[in-house]
Each structure stands twice: as C-alpha cells, then as structure tokens.
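# Survey of secondary and tertiary structure
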Amino acid sequence: MENQDHPLKLYNSLTRQVEPFVPQDASRVTMYNCGPTVYSYAHIGNARAAVVADVLFRVLRHIYGEDAVEYARNITDVDDRIIAAATEQGVPISEITEKYAKVYQDDLAALNCLPPTQEPKATEHIGGMIDLIETLLADGYAYATDGHVFFDVSKYEDYGKLSGNTLENLRKGDRVGEGEVARKKNAADFVLWKPELNGVGWDAPFGRGRPGWHIECSAMAKAELDETIDIHCGGIDLKFPHHENEIAQSNCAHGKPMANYWVHNEFLQMGKDKMSKSLGNVVLVHDLLKEWDGEVIRLALLKAHYRSELVWSEALLRESKAQLDRMYRAWLELQKGIWPPDEVFSEVLPDELCDDLQVPNLLARFSDQRSFAKTMHEGYQDVTDADEKSLATSKAKISTVTADAVFTFIDNLRYLGLLQRDPEEWFRGNASEDEEQLLADYQDARQKALQAKASGDKVGMGKAFAASDAIREELKERGFVIETAPDGTSKLRRD
Ligand SMILES: [Zn+2]
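Everything numeric here is computed off the predicted structure, so don't read it as measured data. Residue positions are counted from 1 within each chain, in the order its sequence is given. Selection of residues for local features in this predicted model requires a pLDDT of at least 70, selection of side-chain atom pairs for listing and counting requires 80 or more, and totals for whole chains, interfaces and linings are taken over all residues. Side-chain calculation: all heavy atoms of the structure are included, whereas hydrogens and water are not.

## Points about the overall build of the chain
Strands are runs of DSSP state E lasting at least 2 residues, helices are runs of H or I lasting at least 4, and numbering of each runs from the N terminus. A tally of regular secondary structure across the chain gives 17 helices and 15 strands. Think of it in three bands: with a 1.4 Å probe and only protein chains considered, a residue is buried below 20% of the maximum accessible area for its type, exposed above 50%, and partly exposed in between. Buried residues in the chain amount to 48% of all 495 residues. A sequence separation of at least 24 residues applies to 75% of the contacts in the chain between residues at least 6 apart. As presented, the chain carries roughly 23,300 Å² of accessible surface, and 49% of it is formed by carbon and sulfur atoms. By definition, residues are in contact when any of their heavy atoms lie within 4.5 Å. Note that accessible areas follow from Shrake-Rupley with a 1.4 Å probe, and for residues the cover is restricted to the protein chains shown.

See below:
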C-alpha cells in the first residue's frame, strides 16, 4: 500500500528486499555515507557512490523538507597510507589530508553533489572512538593484547548477517597489519585500536595508539547523527568487511541496530575488468574533469541503476554529452518561445525515483517525451495551412501539451542534480576570456567589413572579411561555432 507521507521505496541490503522507507522521525531523517580516505585523488568508482548518495539525499530533501534531512559523510584523515605518505614527504599528516579533502570536495561539487550537512573528520572524533572501545572492552565484546584492541566476532551472533558471509570469507580478515594475525583469537576478529605509527597516536586507557578504520564510522555516525540512523549507504565494496564490522561494533556497544536501511551501489567496471590499481585502469575524477563537464560525468554515472554494475567507457561519456545537449536544446527552445513557456513547475516527485531510485527509467522517459514533443511540434507547423480560427485553437492546444511534457521532464531532472545550468550558458560551454576576446575581434572585423562595403572600399572589405573568417576558423578549432542572431549580435556555442 502506498503511503502518502512516505512514498519512497528502497532496496534494503540487510533484509534483501525492497521496502517502504519509513524514517524514525520524519522531521529529522538521518543518513550516513562512508567518505574518502584522503591521501590521493578520488577515482570514478568513489564518485559513483557519492553521486548515488546525492540523488538519495535530494529525494529525501524533497519528500521531508530541506531542513529535515541530516546527511553525514565522513573524512578518514588518519590511516596507514596517509601516515606513510606524510613520513615519505616529511610533512605532518594534516598537510596531506587537508589537500586531498579539498580536492575531493571540489571534484564532487563539479559533479553537482550537494555538500553533506555534516562532514566529520576522524581525527576530531578520537574521544568518541575511545569511549566506544572502552564500552566494548567492558562488556566483553573486545579484548586488548600487546597494544592492540580487537573485536571478538565470536561474541556477536549476528556477525555476517549483512554480507551473508561464510566462515571461509571471514577468515580472510581485512587490512591486517603485520603481527596482527598472531594476536587474534579468531581469524575474523578485526582491530579497533593499534599502537602509534611514526609518532602518530593518541593517548587512551588501553595504550597510546590510533584507531582502526571501522570504529571511526561507528563513532562518527553516533556523534553526528544517532545510535540508530535511518539510512547507511556506500559502495558494495564496503559491505564486507567494513559495514559488517560497523554493525558489530555499534550494535554491541549500543544494544540497538546501527541503521534501519542499508543502501549499497554496485561496482563500476572498466570494460570487462574491475577498476583496480594493479590493472592500471584507475580513472580519476580530477583527470576526467579536465576534459568533460561535471554534469556529463554525473549523467554517465547515473546511466545504470545504482544496483547494477556500470560499465565505464569513453563512449558512455560521449553518449551522455549528446543526451545533455539534446535536453538543454529542448529547454532552450522552450525559452526562446518556440514552445510557449509555462511558469508552473511540478512539485511531484517522479514515480521512477520513488521506486528504489529507478533513474534509468526516468531518463528513458525523455526519449519518449522528446519524440512526442517533436511530433506535436510538427503538427503545430502542419496546421499553418488551416483557417485562422482552427489555427489559433490548434496552436494553443498543441503548444501547451508540448511545453508541459518537456517542462515536466526538465523539472524532473532537477531531482537528479542535472540541468543545473542555464541552457545558454551550457551551449556557451567553458569559453575562456581569450575565446570571448576572439569573438569580440570577430565582431569588430565584421563591422569593419560592412563599413568598407558601404563606402565602396573593396580592398578594405576583402581584408576585413578575411580577418573575420580566420577568427571563425580559429574558434572552430577550439570547438566553438559562432551563432549570429538576426539583430547582428553573435555568441559562442560549443560544437
Ligand atoms: Zn564507514
């Protein structure tokens, strides 16, 4: 049964089924997403998880109100790889982490991701982590040995419930540092606390040291949101062991579920392969943004449903660029009044998004709507032969239907964080000052040519036209075409 107040349905990884999403408190909906470990640039797989979470965040804000959703995404700013990079470069860890945290935020902003409401740093929550570990030790869920504290998985009977993991998988452990294996009671036990490394550490009742990765998220989710949050999201690669371990720690320390809904996005594949450092096929968001508009990358990331694998390719980016051009073109035509503008934007969340964020189905609707709009537009032109009265009636009818269909679609795309720019600006692309100057020179040359023509100066006219042609060519090579309006003004458009 549809619930008017809670229209969203989500696939819950914990129960393995699509469920109506009902928050604990509709005036304070909470979601947590595992953020980056900031020691290098984010890759496109990281971006997929962030964009999926951003769509969910936008949908929740729409349903429950912009101020009713708290979205925390952490920054892991203490980690062995960060410490290693800092030691190698002879700088404090903060120098590495601040740089890459900023890069991450800028990359995601370029992909139209809204900033989360909270962005806690692990190093600012060490006290909360120590408290959690002390509780787990006191209650017998953890044990300390030789400067380390481990979580004892045999003490938590639901361990493995999220991932459905077998004991065999569990034996593999995770991010196991040298010497940790020998200290563990069970192979699947994971580290909560370990001794300081290269001088990086904090004082704690169980010895000076640094936190394990999993305990960071448990402490931050509790401090920033609640002991039980509504939604925990993240990439499927984090489901085990990271999220499994977060659940074990939080559930045992608090005696209640860590999150009611778990939302995981699938892998991003490079052709047939999984993207991995060892295969050398890692694509960085930072590099992609040098060549592609952030909105193109965002659309490409949304082309597959979040629970399907997404095959990443250059062709996917080209297709996304062409699709965005078509959408912005439709919008531009509306603005130009070919189809009369309609001031009323719908406030109704598209059905596709309510249905477990079926973004590809929503995008597919555009093709239908566009061909529909095109047919109607052609119909509009056909009636020009009709008599005055029926012409006026048909024009009004067809135009309204067409405009509404396209407008509804444009409006729907806002929930996806797409079409965030003015269409004119979109087609102008990212023309540099240099290119804008070339356009000004072009207009000057055209002006001179027309003046020379008027005064009968054929030589002057030829020179000026040649100059304007040369500038047109130069701009063409830079990927711009010059569009000149009937009133003589010109502007640049990305080819
Ligand atoms: Zn996490």
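Text resumes after the structure shown.
## Structural notes on the coordination of the zinc ion
Each pair of donors in an ideal four-coordinate tetrahedral metal site encloses 109.5 degrees, whereas pairs in an ideal six-coordinate octahedral site enclose 90 or 180 degrees. Only Cys34 (SG), Cys217 (SG), His242 (NE2) and Glu246 (OE) from the protein reach the zinc ion as donors, at distances of 2.0 to 2.2 Å. Relative to the metal, the 4 donor atoms surrounding the zinc ion lie at angles of 77 to 129°, and the coordination shape comes out irregular. Ligating atoms shown are N, O and S within 2.8 Å of the metal, or 3.2 Å for Na, K and Ca, and water is not included, meaning a site may look less than complete. Ordering the donors of the zinc ion by residue number gives the pattern C-x182-C-x24-H-x3-E. Residue Cys34 is located in the loop between β3 (29-33) and α1 (44-64), and its partner Glu246 is located in helix α8 (residues 239-254); the two are separated by 212 residues in the primary sequence. By relative accessible area, which is 0% here, Glu246 ends up buried. A site with four donors is called tetrahedral when every donor-metal-donor angle falls between 85 and 135 degrees; four donors are called square planar, and six octahedral, when opposite donors sit more than 155 degrees apart and all other angles fall between 65 and 115; any other arrangement is irregular.

## Structural notes on the pairing of strand β9 (residues 229-235)
Burial analysis of β9 places 7 of its 7 residues in the buried class, which makes it a mostly covered element. Where β9 lies against strand β10 (residues 259-265), 6 bridges are found, and the strand directions are parallel. When the sheet's bridge partners are listed, Gly234 is paired in β10 with His264. Crossover handedness is defined by viewing with both strands directed away from the observer: a clockwise path from the first strand over the helix to the second marks the crossover as right-handed. In this fold, β9 hands off to α8, which returns the chain to β10; that crossover is right-handed. Strands pair, by our definition, only if DSSP identifies at least two bridges between them.

## Quick notes on the packing of helix α4 (residues 126-138) against α8
Between N-to-C directions, angles cover 0 to 180 degrees, with each direction set by a line fitted to C-alpha atoms, over the stretch in contact for helices. Put simply, α4 and α8 touch, their axes get as near as 9 Å, and they point 70° apart. In this view, α4 runs roughly perpendicular relative to α8, as classed from their interaxial angle. Our pair here, α4 against α8, has a crossing hand that is left-handed. Contacts from Leu132, Thr135 and Leu136 of α4 reach α8 at Gln249, Cys252, Ala253 and His254. In terms of residue class, the contact of α4 with α8 is made up of 4 nonpolar, 3 polar and no charged. Oblique is the label for any angle not covered by the other classes, which are roughly parallel (under 35 degrees), roughly antiparallel (over 145) and roughly perpendicular (65 to 115). Here a crossing is taken to be left-handed if its near helix is turned anticlockwise relative to the far helix by less than a right angle, and right-handed if that turn runs clockwise. Lys, Arg, Asp and Glu make up the charged group, whereas Ala, Val, Leu, Ile, Met, Phe, Trp, Tyr, Cys and Pro make up the nonpolar group; the residues left over, Gly among them, are polar.

## Remarks on the sheet that holds strand β7 (residues 190-195)
Read from one edge of the open sheet, 4 strands run β5-β6-β7-β8, paired in antiparallel fashion. Of all the strands in the sheet, just β5 (142-145) and β8 (209-211) have a single pairing partner and so form its edges. Pairs of neighbouring strands in the sheet enclose a mean axial angle of 20°, with direction left out of account. Note that strand β6 (residues 148-151) and β7 share 3 bridges and pair antiparallel. Note that in β7 the partner of Phe150 across the bridge is Val191. Taken strand by strand, α4 contacts β5, β6, β7 and β8, and its axis lies near 120° from that of β7.

## Quick look at the side chain of Asp107
The residue Asp107 is located in helix α3 (residues 93-110) in this model. We note that Asp107 is buried and unpaired, the nearest opposite charge coming from Lys102 at a distance of 9.4 Å. Within this scheme the basic residues Lys and Arg register as positive and the acidic residues Asp and Glu register as negative, but His and the chain ends are omitted. What makes a salt bridge here is a side-chain nitrogen of Lys or Arg within 4 Å of a carboxyl oxygen of Asp or Glu, nothing more.

## Points about the pairing of β5
Here 4 bridges tie β5 to β6, and the two strands are oriented antiparallel to one another. Bridging across to β6, Ala142 finds its partner in Phe151. Hairpin connection, β5 to β6: the antiparallel pair is bridged by 2 residues, and Asp146 has positive phi, about 55°.

## Some details on the pattern of salt bridges
This model, assessed by the stated rule, comprises 28 salt bridges. Across the pair Lys303 and Glu319 runs a salt bridge whose closest N-O atoms are separated by 3.2 Å. Within this pair, whereas Lys303 is found in the loop between α10 (294-301) and β13 (310-312), its partner Glu319 is found in helix α11 (residues 314-336), the two being separated by 16 residues in sequence. Between Glu352 and Arg365 there is a salt bridge, with its nearest N and O atoms 2.7 Å apart. Of the two residues, Glu352 sits in helix α12 (residues 351-354) while Arg365 sits in helix α13 (residues 359-382), which places them 13 residues apart along the sequence. Relative accessible area serves as the criterion here: at 21%, Arg365 is assigned to the partly exposed category. The structure contains a network of salt bridges with shared partners spanning Asp434, Glu435, Glu474 and Arg478.

## A few points about the state of the cysteines
Two cysteine sulfurs form what is called a disulfide whenever their separation falls within 2.5 Å. Summed over the entire model, instances satisfying the criterion amount to 0 disulfides. Here Cys233 stays free of any disulfide, with the sulfur of Cys34 as its closest cysteine sulfur at 8.2 Å.

## Description of the nonpolar core
Counting 73 residues, the largest nonpolar core has Leu60, Leu301, Trp312 and Leu416 as its most contacted members. The leading source of residues in this core is α1, at 12 residues. Those residues in contact with Leu416 that sit more than four places away from it in its chain are Val55, Arg58, Arg298, Leu302, Leu353, Val359, Leu362 and Leu363. Formed by 52 residues, the second largest nonpolar core is a distinct cluster that contains Ala85, Phe151, Ala221 and Met258. Residues enter a nonpolar core if they are buried and are Ala, Val, Leu, Ile, Met, Phe, Trp, Tyr or Cys, with the set joined through side-chain atoms within 4.5 Å.

## Observations concerning the packing of α4 against helix α7 (residues 213-224)
Working note: a packed helix pair is described by the angle between its axes plus the distance between those axes. Look at α4 against α7: their axes get within 9 Å of each other, and the N-to-C directions meet at 105°. Viewed along their axes, α4 and α7 adopt a mutual orientation that is roughly perpendicular. Within the contact between the two elements, α4 uses Gly128, Met129, Leu132, Ile133 and Leu136 and α7 uses Ile215, Glu216, Ser218 and Ala219. When grouped by side-chain class, the residues that make up the contact of α4 with α7 number 6 nonpolar, 2 polar and 1 charged.

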